[in-house]
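Spelled out from the first residue to the last, the chains are:
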Number of protein chains: 4
Amino acid sequence: MPDQNGGSASAGSWLFGAVFGRGSSSGTPVADDGAWLRSMLAVEAALARAVERAGLAPRGAGAAVTTAAAADFGPSELAELGRAAALTGNPVPGLARVLARRVSEPAARAAVHAGATSQDIMDTAAMLLARDALGAAITDLTAAAGAAARLAGTHRRTLMIGRTLLQQAVPVTFGLVAAGWLSGLDSAVEWLAFVRDTRLAVQFGGAAGTLASLGADGVRVRALLAEELGLADAALPWHTERLRVIDIAAVSARACATLSKIARDVTLLAQTEVGEVKGNPVAAVAILGCTRQAPGLLATLVACAEQENQRAAGAWHAEWQPYSHLLELAVSAAAWSRDLLAALDVDTARMAANLAEAGGLPLAEGITALLRAPLGAAHAHDLVTNAAAKSATSGVPFLDALLATPEIENTLTRAGISHARVEAALDPAGYLGSAEAFITAALDAHERLVPG
Amino acid sequence: MPDQNGGSASAGSWLFGAVFGRGSSSGTPVADDGAWLRSMLAVEAALARAVERAGLAPRGAGAAVTTAAAADFGPSELAELGRAAALTGNPVPGLARVLARRVSEPAARAAVHAGATSQDIMDTAAMLLARDALGAAITDLTAAAGAAARLAGTHRRTLMIGRTLLQQAVPVTFGLVAAGWLSGLDSAVEWLAFVRDTRLAVQFGGAAGTLASLGADGVRVRALLAEELGLADAALPWHTERLRVIDIAAVSARACATLSKIARDVTLLAQTEVGEVKGNPVAAVAILGCTRQAPGLLATLVACAEQENQRAAGAWHAEWQPYSHLLELAVSAAAWSRDLLAALDVDTARMAANLAEAGGLPLAEGITALLRAPLGAAHAHDLVTNAAAKSATSGVPFLDALLATPEIENTLTRAGISHARVEAALDPAGYLGSAEAFITAALDAHERLVPG
Amino acid sequence: MPDQNGGSASAGSWLFGAVFGRGSSSGTPVADDGAWLRSMLAVEAALARAVERAGLAPRGAGAAVTTAAAADFGPSELAELGRAAALTGNPVPGLARVLARRVSEPAARAAVHAGATSQDIMDTAAMLLARDALGAAITDLTAAAGAAARLAGTHRRTLMIGRTLLQQAVPVTFGLVAAGWLSGLDSAVEWLAFVRDTRLAVQFGGAAGTLASLGADGVRVRALLAEELGLADAALPWHTERLRVIDIAAVSARACATLSKIARDVTLLAQTEVGEVKGNPVAAVAILGCTRQAPGLLATLVACAEQENQRAAGAWHAEWQPYSHLLELAVSAAAWSRDLLAALDVDTARMAANLAEAGGLPLAEGITALLRAPLGAAHAHDLVTNAAAKSATSGVPFLDALLATPEIENTLTRAGISHARVEAALDPAGYLGSAEAFITAALDAHERLVPG
Amino acid sequence: MPDQNGGSASAGSWLFGAVFGRGSSSGTPVADDGAWLRSMLAVEAALARAVERAGLAPRGAGAAVTTAAAADFGPSELAELGRAAALTGNPVPGLARVLARRVSEPAARAAVHAGATSQDIMDTAAMLLARDALGAAITDLTAAAGAAARLAGTHRRTLMIGRTLLQQAVPVTFGLVAAGWLSGLDSAVEWLAFVRDTRLAVQFGGAAGTLASLGADGVRVRALLAEELGLADAALPWHTERLRVIDIAAVSARACATLSKIARDVTLLAQTEVGEVKGNPVAAVAILGCTRQAPGLLATLVACAEQENQRAAGAWHAEWQPYSHLLELAVSAAAWSRDLLAALDVDTARMAANLAEAGGLPLAEGITALLRAPLGAAHAHDLVTNAAAKSATSGVPFLDALLATPEIENTLTRAGISHARVEAALDPAGYLGSAEAFITAALDAHERLVPG
């Protein structure tokens, strides 16, 4: 269907689409005009087939409508759809009319849009878009998680300085950092898959949610429609119960949230003055460009759940754009994250150098621990902090500054703590606590999620 | 602990608290100053007990700290906490200092805050708050769902006019409306319980997420801490992986979203001119007052997930208030919804009167269906619409207007459709499609969720 | 430049564009791909002319670049721009390269993008978009305000029932309702114009905001660039000081906020059961569909102001889409509001009927006022409320119910209040307080703003 | 009135209040329970005085109510207010009742709440809160701007490396950075003052905005009420026209936006690895903790503008908390910013060292400019980039790497560009473009705003 979107896919992608509208791995945009058109037509075609299977339309009606739905829409038809949308407030009535016009046989024509209201078509099409978008995001995030797992495994013991409130703190390993990313990515994938697998369902209720125009056949037609589309059936029409929309939006925004942390870390570690990682210079920035748009869009969709009676006057309409856009952003950010992590270059020498430059100060906490028993926590903390400050301003190595503090020296002697033990306590590799256990735990959890 | 919050609970509740800070069924506020204080102290006490059980503190240290944590905080200590918080940027260091001061035995004192960083205490306390808050919301929403189920069952066949875009449309039943509410409430409960049961976990990582100051004992202490608090252990510290916070926020906002639809419906149905339901005049308004605040708070929390390195400079801090407030709103809205639905008064006579006043016009869709086969959909639609318009302006009953249209009359004759059948088609009770099946489905699903 | 946007305008408008992307009165979309492309080219062309005027490029360079910028971009060039944007993270470098390629004379070619960084071009283009969009919104909102003024004038004394919390309250006039709308519309126009006239300014700072590559000529070139574009000069580059963006966004969202109130009122007054106004059934819904998207977009733009150092890593990029979309929504909502108010049909008979049906109850407050002096406020309130309740349930007219209450009857007698005076107090036309003064005030203020 | 808030101020401030609820310079919280109570009482007292002055209440009624309003509320009265608020959905009816009870003289008692509806009291009280809060924010932001101006002046020529996308770019001065901050702070102050001075106005409309219960006296009482409170009179009641609320919220969020940029810069420049500034380690983090909450709150308030008819069912109620909280955050962030900037320690040596370490690479743009004419922009760019890369990897000084490139060397010779000129082009002090002019412009603008 090359012309289906009237050229908007290519035109759309030249501007912001290249950054924010990266599609599935096949390159197809997930929620642009073309994707919506294809999805709405797919729903109308499936409905005609369902109606035929239910015995409510003549044999061949489903195939006739399916054929009509497969034909391209040219510019004049798209313009007609636009005019109709302005008159009716949504794009479906115009679409149904054009589609019906393409079906020559009157009896088959009656199968077009049978029993449906506009919202049935758009809501169900939105589920098809979500299936594709969540799938695309899962694929790329799984690849990104694989890359994070490799980084975590490779850098199990790659020492680096930890940073809290953007200040150097105690040592960590880059493997632990990557394990944290991995944990977030795995959780993002799990919830995206959970929502895709349990929350996508056909919407079919007719004018006010009773399917009255189908008489006693409504539930059966709905089940067949669900079957045709490979979507779950829904016990109830959900035209004004919008939790499915919210769930799709929330896991999309949640995936973005995970990626925002990773991208932020990468931009900080890649700073010229830090230089601990290098990578695609655009990817991390593009991810943040995507993820920062997500919270506001999610908020809009949650607010839109306040829908009146049997069809909302505005709240439903206000969903279309933030829903489409949030799906696009999640898919784009996921694609960028795969690029980012797969090619992330870790500069272990720089990590070691940054850590060495800190001159033992990051281990002050460990030294304090050594002195806590003999001196009490508060006093130990004060003495060590003073020695650290002296070392930082004078350039004297931290060990020397410690030993040059008489009270510390005396305490060590009294407590039988050898200088060698103090020196050992100043080895960052010895002050990693459970870091490696945490890495193993993250890798084990990933292996359970993505065996292989 | 009557004085724990320095009076803030009572003072807090007199203003907006009465509407927006309704607490659990026991009346305890879920996330005000007092609840935070109690929770942080509970975490510190549990940590001391865990450290003792791990053999890292002398026997009795846990009990000593637990006793110290149970004593009230008077105004001067609260003021000291406030001053300390302004100096350190969070309330924990001051709290740990006051707590340590209360423990006379130096060896036991060393068990206070052992191995922990401020964020460990606050994040874990936040999980305790969530456990209480989600529990309270689940209780009240389950009661609200029970009320909705009763309404759905009682009003299975209570006819009313459906309304789309705030205009009268085809008939529905009030049972179907209530079934829609029920479906949303059940889903709200399910997800709240899912998050409470699977996503609450202890946070324990020390200064930079390695638990270095506990040497090789970190993971064991964490497991014991989790056990003491009845929280799940977490494979990894999640200090900068904020999906747990987002999940708690999202299900809270999701519950609010469900309630916003119900409260909106009630305000609309209770309008003087509609008059189909009556109820607590404050409850629906209070719910909307709560639910409209939720989307913005959720957005803030999702945006805060972009946390730097091993501790965020601001993004973590920015979580505290929206997190607390969103929990309070969800609990309040749930409490109001229980009040609202348990006492909702349905005026079936008014429903019948409003439907009768519509004079058959809501059935135009059904009449069109009758004429679609002989006349074609478009032509049938036009003729019926004209007759409906004539009826509406002239006051002539719709049936008469239809039969007074020669082409309709002739078509009926030709097609062998009796006047009786047309008259039957104008009976709203006969144009309800699958409404009852939908009600049954919603009640069955509810029965599976809440057997009884 | 018919092909400039590669067909995206027409394709874009067929789907959601018809509702949410209504452009200026000339029909041109205000912030789609084509508008951005035209604006960025306009900035590049103006920069080349400015550079020439500053003596930094040979004569004719400005004209050559302007000509190059006027030529259409075909599909292959747009695709090239898309690919370049994905590589560099923004669309400008590719655009500058294609533009330079079109300038055959090397010396003139050097004038392309001289001294500028990508952000200079996009930020300044964003100002041009804002000028058009705010202008379009002002035009349509001024027309809408005119319509509201006519309604306020015409219906100065058109009585209707006021409604608080969706319940009937005391009488108002439709003129007063329209005056409230007018007041909001006038304020929307005023602030839009204020921002358009005072806050749009050229952004020009070069790589890091110093204009270093232009040596001492930077400020002069900037002034000429501003002159060429008809924008204000800015004392300082504002590449990381985003208050201009926020101000544009805030007045756009503010205009949407005004319209949301109006559209909400119309949907409520147009309810079948109320029926006091009629109008374009799509317009009010479309307005709400627009306005409900505005808050989330505004929030994103405000959050994006946290921009790092001399160029933000993501926060700037995250602005592009919400900025464009918010402008589009404000313009669309304004266009719909003009349609809505210009053709709003007021059913004064229905207003009178709804008021009459309330049977005097809305005047209970006035009757209470009459009895307050002799009986005390609380007692008067209780007696009148009882009589009102009796009237409502029994169908007895309110006046009769009042006079049938012995204590009221006696009090009236004692206080010398005649039945005629009570009857007069039950005339809603006499219980309008300052309504007419308020209408006059609103009309006077409007006349000052839009003389004529 | 020490007890007015039942202790909530002190209790409230110990937890998050110390960071997020810093009050005005006098230390008074700007929008907590106590501030609301005081403000609502002030409005009720002013109304009684206005009513007396209008001749609608006996002499002394105003004074009697004012005295009653000045007496403390004890715990039992606050609890009564809370219960009443839960019954009526807002705190005013209970407050008016307690207040009336305190007035012994029946005729004076009738002046309590005369003509008013609950919303009149709360909306007008909200204006009083805004006056205090905006004033406090203006004071602290003006001080912060003063500090920024001093930094800009002092560091006019303090060289540092500019950073774009968190990567080192071309040189700037710290004075220019501070001038950018100054410009934002001045704009924040200007708009806060503009809104405070032009948009705060009394709200007074009675039950449905007509002031009907005051007969013909409504407008006069309102004018007197405005006079009593020192607020502007409003042409029209604005109970459902919420632009004033939005404007207050928008300038508050706007001030936060300005501060977010400054705080983010400080955290980045203060990083251990950058070390160019030092300061209060809590202040910048606390600012970001405040500012990140602002966008979501603003969004909620904008969304709440969709208010129904003559009083909103929920949207008005949903404003109270975000409005209060946003004011508190703006005031707190402003207070922190004053602390931050007044004591900011600039490490010029570290700035110089960081710049020197970049080894001339930041001047590549300048060298390219030198070669652009003889070589063409693209070719010059490529050659210089290669030399820069060679210098970066090999450690060879950039100048040497340039001159060791034969084509560059030859071009320089041919074009008569001396090595001295190349060397000069590698002096960052010579590559500052208009930086100083921009600083002067910012300081001049500040001087105009805050002469002295």
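Thresholds, definitions, all that
The residue count restarts for each chain, going from 1 along the sequence in the order it is written. Chains carry letters and ligands carry numbers; both start at the beginning, A for chains and 1 for ligands, and go up in the order they are written. Only residues with pLDDT of at least 70 get local features here, since the model is predicted, and only at 80 or more are side-chain atom pairs given and counted; chain-wide, interface and lining totals rely on the full set of residues. For the side-chain quantities, the full set of heavy atoms in the structure was used; hydrogens and water were omitted. By the criteria applied, helices consist of DSSP H or I runs no shorter than four residues and strands consist of E runs no shorter than two, each listed in order from the N terminus. All radius of gyration figures rest on C-alpha atoms, and the globule criterion is 2.2 Å times the number of residues raised to 0.38. Relative accessibility thresholds used throughout: buried, under 20% of the residue-type maximum; exposed, over 50%; partly exposed, between the two (1.4 Å probe, protein chains only). Two residues qualify as a contact provided that any one of their heavy atoms is within 4.5 Å of a heavy atom in the partner residue. Areas reported as accessible are Shrake-Rupley estimates using a 1.4 Å probe. Residue values count occlusion only from the protein chains shown. The positive count covers Lys and Arg only, the negative count covers Asp and Glu only, and His and the chain ends enter neither. In plain terms, the charge of a residue is placed at NZ if it is Lys, CZ if Arg, CG if Asp and CD if Glu. Any Lys or Arg side-chain nitrogen found within 4 Å of a carboxyl oxygen on Asp or Glu counts as a salt bridge. Only the contacting stretch of a helix is used when fitting its axis, a line to C-alpha atoms as for every element, and angles between N-to-C directions run 0 to 180 degrees. Roughly parallel means an angle under 35 degrees; roughly antiparallel, over 145; roughly perpendicular, 65 to 115; everything else is oblique. Each crossing gets its handedness from the near helix: less than a right angle anticlockwise from the far helix is left-handed, clockwise is right-handed. Side-chain classes follow a simple rule in which Ala, Val, Leu, Ile, Met, Phe, Trp, Tyr, Cys and Pro form the nonpolar group, Asp, Glu, Lys and Arg form the charged group, and the remainder, Gly included, forms the polar group. N or O atoms closer than or at 3.5 Å make up a polar contact, with two conditions inside protein: a donor-capable atom paired with an acceptor-capable one, and, for residues adjacent in sequence, both atoms drawn from side chains. The atoms used to superpose the copies are C-alpha atoms, taken from residues with pLDDT of at least 70 in both, and the fit is least squares. Scored from 0 to 100, pLDDT records how confident the predictor is in each individual residue. Here the aromatic set is Phe, Tyr and Trp, taking the six-membered ring for Trp, and pairing holds for ring centres within 6.5 Å; pairs whose planes are under 30 degrees apart are stacked, those over 60 apart are edge-to-face, and all others are tilted. Charge-over-ring contacts are defined here by two conditions on Lys NZ or Arg CZ: a distance within 6 Å of the ring centre and an angle within 35 degrees of the ring normal. The buried area of a pairing is the accessible area, by a 1.4 Å probe, that goes missing from both parts when the two are put together, added over both. Directions pointing from the helix axis toward each C-beta atom define the arc.

Trainee: Please set out the overall build of chain A residue by residue, giving values where relevant.
Mentor: A tally of regular secondary structure across chain A gives 20 helices and four strands. Radius of gyration (C-alpha) of chain A: 30 Å, far over the 22 Å computed for a compact globule of 452 residues. Dimensions along the principal axes, computed over C-alpha positions, put chain A at roughly 100 × 40 × 40 Å. Of all 452 residues assigned to chain A, the portion counted as buried reaches 64%. Taking contacts inside chain A between residues at least 6 apart in sequence as the whole, the part at least 24 apart equals 78%. A total of about 14,200 Å² of accessible surface is found on chain A, and carbon and sulfur atoms cover 55% of it. Seen as two clouds, the 34 positive and the 43 negative side-chain charges of chain A have centres 3 Å apart.

Trainee: Would you mind going over the pattern of salt bridges in detail, with residue names and values included?
Mentor: Under the defined criterion, the tally for this structure stands at 92 salt bridges over all chains. A salt bridge links Arg338(A) to Asp140(A); its shortest N-O distance comes to 2.6 Å. Remark: Asp140(A) occurs in helix H7 (residues 118-154) and Arg338(A) occurs in helix H13 (residues 320-342); sequence separation between them is 198 residues. Residue Arg338(A) is classed as partly exposed on the basis of its relative accessible area, which comes to 33%. Among the salt bridges present, the one from Glu77(D) reaches Arg102(D), with a minimum N-O distance of 3.0 Å. Highlighted residues: Glu77(D) in helix H4 (residues 75-88) and Arg102(D) in helix H5 (residues 92-102), separated in sequence by 25 residues. Given a relative accessible area of 23%, Arg102(D) falls into the partly exposed group. Overlapping salt bridges bring together Arg49(A), Arg53(A), Glu227(A) and Glu228(A) as one network.

Trainee: Before we move on, could you go through the packing of helix H7 (residues 118-154) of chain B against helix H8 (residues 174-198) of chain B and cite the residues and values that matter?
Mentor: For any two helices packed against each other, the geometry is given by the interaxial angle and the distance between the axes. Residue and element names in this part refer to chain B. Interhelical geometry of H7 versus H8 gives an angle of 160° and a closest axis separation of 8 Å. The angle between the axes of H7 and H8 places the two elements in the roughly antiparallel class. Every pair of crossing elements has a handedness; the one defined by H7 and H8 is left-handed. Classifying every residue of the contact of H7 with H8 by side-chain character gives 20 nonpolar, three polar and three charged.

Trainee: So what's going on with the side chain of Glu273(C)? Residues and values would help.
Mentor: Here Glu273(C) is to be found in the loop between helix H10 (243-269) and strand E3 (277-278). Here Gln168(B) takes part through its side chain, which lies 2.9 Å from a polar atom of the side chain of Glu273(C). If we ignore the near neighbours within four places in the chain, the residues touching Glu273(C) are Ile161(B), Arg163(B), Gln168(B), Glu273(B), Val274(B) and Arg350(C).

Trainee: Break down the relation of the copies chain D and chain C for me, citing the residues and quoting the values.
Mentor: With an RMSD of 0.1 Å, the fit of chain D onto chain C corresponds to turning through 180° and sliding 0.0 Å along the axis. In symmetry terms, the pair is related by a two-fold rotation axis. Closest approach to the rotation axis among the C-alpha atoms of chain D is made by Ala299(D), whose C-alpha sits 2.8 Å away. Interface residue correspondence from chain D to chain C reaches 100%, placing this contact among same-surface, isologous pairings.

Trainee: Requested: an account of the confidence of the model for chain A, with residues and values cited.
Mentor: All names here are of chain A. In the predicted model, chain A carries a mean pLDDT of 93, and 97% of its residues have values of at least 70. Ignoring residues within four places in sequence, the model shows residues 1-11, a span with pLDDT below 50, making 34 contacts including any to other chains. Our summary of model confidence lists the complex with pTM equal to 0.97 and ipTM equal to 0.95.

Trainee: Can you lay out the packing of aromatic side chains for me, pointing to particular residues and giving the numbers?
Mentor: Under the criterion given, the structure shown has 28 aromatic pairs over all chains. Judged by centre distance (5.8 Å) and plane angle (85°), the ring pair of Phe174(B) and Trp181(B) falls under edge-to-face. Given a relative accessible area of 2%, Trp181(B) falls into the buried group. Feature note: the residues Phe16(A), Phe20(A), Trp36(C), Trp316(C) and Trp320(C) constitute an aromatic cluster, connected by ring pairs. The positively charged end of Arg102(B) is found above the aromatic ring belonging to Phe73(B), 4.0 Å away from the centroid.

Trainee: Give a description of the relation of the copies chain D and chain B that names residues and reports values.
Mentor: The two copies are related by a screw operation: chain D maps onto chain B through 180° of rotation and 0.0 Å of translation along the axis, at an RMSD of 0.0 Å. Most of the interface of chain D is mirrored in chain B: 100% of its interface residues are interface residues there too.

Trainee: Can you tell me about the interface of chain D and chain B, naming the residues and giving the values?
Mentor: Accessible area lost upon the coming together of the parts serves often as the stated size of an interface. Contacts between the two partners involve 52 residues from chain D and, on the opposite side, 52 residues from chain B. Carbon and sulfur atoms supply 68% of the area that chain D and chain B bury against each other, a total of about 4,100 Å² over both sides. With its nearest N and O atoms 2.8 Å apart, the salt bridge here joins Arg264(D) to Glu308(B). Here chain D is connected to chain B by six residue pairs in polar contact (both at pLDDT 80 or more). Among the secondary structure elements, those contributing two or more residues to the side of chain D that touches chain B are helix H1 (8-20), helix H2 (33-53), H4, helix H10 (243-269), helix H11 (283-291), helix H12 (294-303) and helix H13 (320-342) of chain D. No other element matches H1(D), which puts 10 residues into the side of chain D that touches chain B. Among the residues making up the side of chain D that touches chain B, the classes are represented as 28 nonpolar, 19 polar and five charged.

Trainee: Could you give me a rundown of helix H3 (residues 61-70) of chain A, with the residues and numbers involved?
Mentor: Helical periodicity: at 3.6 residues per turn, an α-helix aligns residues three or four positions apart in one direction. Residue and element names in this part refer to chain A. Among the residues making up H3, those that are buried are Ala 61, Gly 62, Val 65, Ala 68 and Ala 69. Seen along its axis, H3 keeps its buried residues to an arc of 130°; they face one direction. Considering only its buried residues, H3 is in contact with helix H2 (33-53), helix H5 (92-102) and helix H6 (106-109).

Trainee: Pulling in residues and values, what's your account of unusual backbone geometry?
Mentor: Residue and element names in this part refer to chain B. Its identity is not glycine, yet His 113 carries a phi of approximately 65°, on the positive side. One can find His 113 in the loop between helix H6 (106-109) and H7. For His 113, a relative accessible area of 18% translates into the label buried. A positive phi is found at Leu 165, a non-glycine position, where the angle reads about 50°. Its place among the elements puts Leu 165 in the loop between strand E1 (159-164) and strand E2 (167-173).

Trainee: With reference to specific residues and values, describe the interface of chain D and chain C.
Mentor: The interface is formed by 77 residues belonging to chain D together with 77 residues belonging to chain C. Between chain D and chain C, the buried area comes to about 6,200 Å², and carbon and sulfur atoms account for 67% of it. Interface area lost by chain D to chain C is led by Glu306(D), Asn309(D) and Phe438(D), which between them contribute 12%. At the boundary of chain D with chain C, the tally comes to six salt bridges. A salt bridge links Glu306(C) to Arg292(D), with the shortest nitrogen-to-oxygen separation between them at 2.7 Å. At the surface where chain D touches chain C, the tally comes to 19 residue pairs in polar contact (both at pLDDT 80 or more). Only strand E1 (159-164), strand E2 (167-173), helix H8 (174-198), helix H9 (218-229), H10, H12 and helix H20 (435-449) of chain D provide two or more residues apiece to the side of chain D that touches chain C. At 13 residues, H10(D) tops the list of elements feeding residues into the side of chain D that touches chain C.

Trainee: An account of helix H11 (residues 283-291) of chain B is requested, with residue identities and associated values reported.
Mentor: With respect to burial, H11(B) is a largely interior element, nine of its nine residues being buried. If you check which residues of H11(B) are buried, you get Ala283(B), Ala284(B), Val285(B), Ala286(B), Ile287(B), Leu288(B), Gly289(B), Cys290(B) and Thr291(B).

Trainee: Requested: an account of the side chain of Arg199(C), with residues and values cited.
Mentor: Inspection of the secondary structure puts Arg199(C) in the loop between helix H8 (174-198) and helix H9 (218-229). Not counting chain neighbours up to four residues away, the residues in contact with Arg199(C) comprise Met127(C), Phe194(C), Leu243(C), Arg244(C), Asp247(C), Ser187(D), Trp191(D) and Arg254(D).

Trainee: Can you lay out the environment of Tyr323(A) for me, pointing to particular residues and giving the numbers?
Mentor: Residue and element names in this part refer to chain A. Tracing the backbone through its elements, the reader meets Tyr 323 in helix H13. Between the alpha carbons of Tyr 323 and Ala 356 there is a distance of 49 Å; along the sequence they are 33 residues apart. In contact with Tyr 323, other than residues within four places in its own chain, are Trp 36, Ala 126, Met 127, Ala 130, Val 245, Ile 248 and Leu 301.

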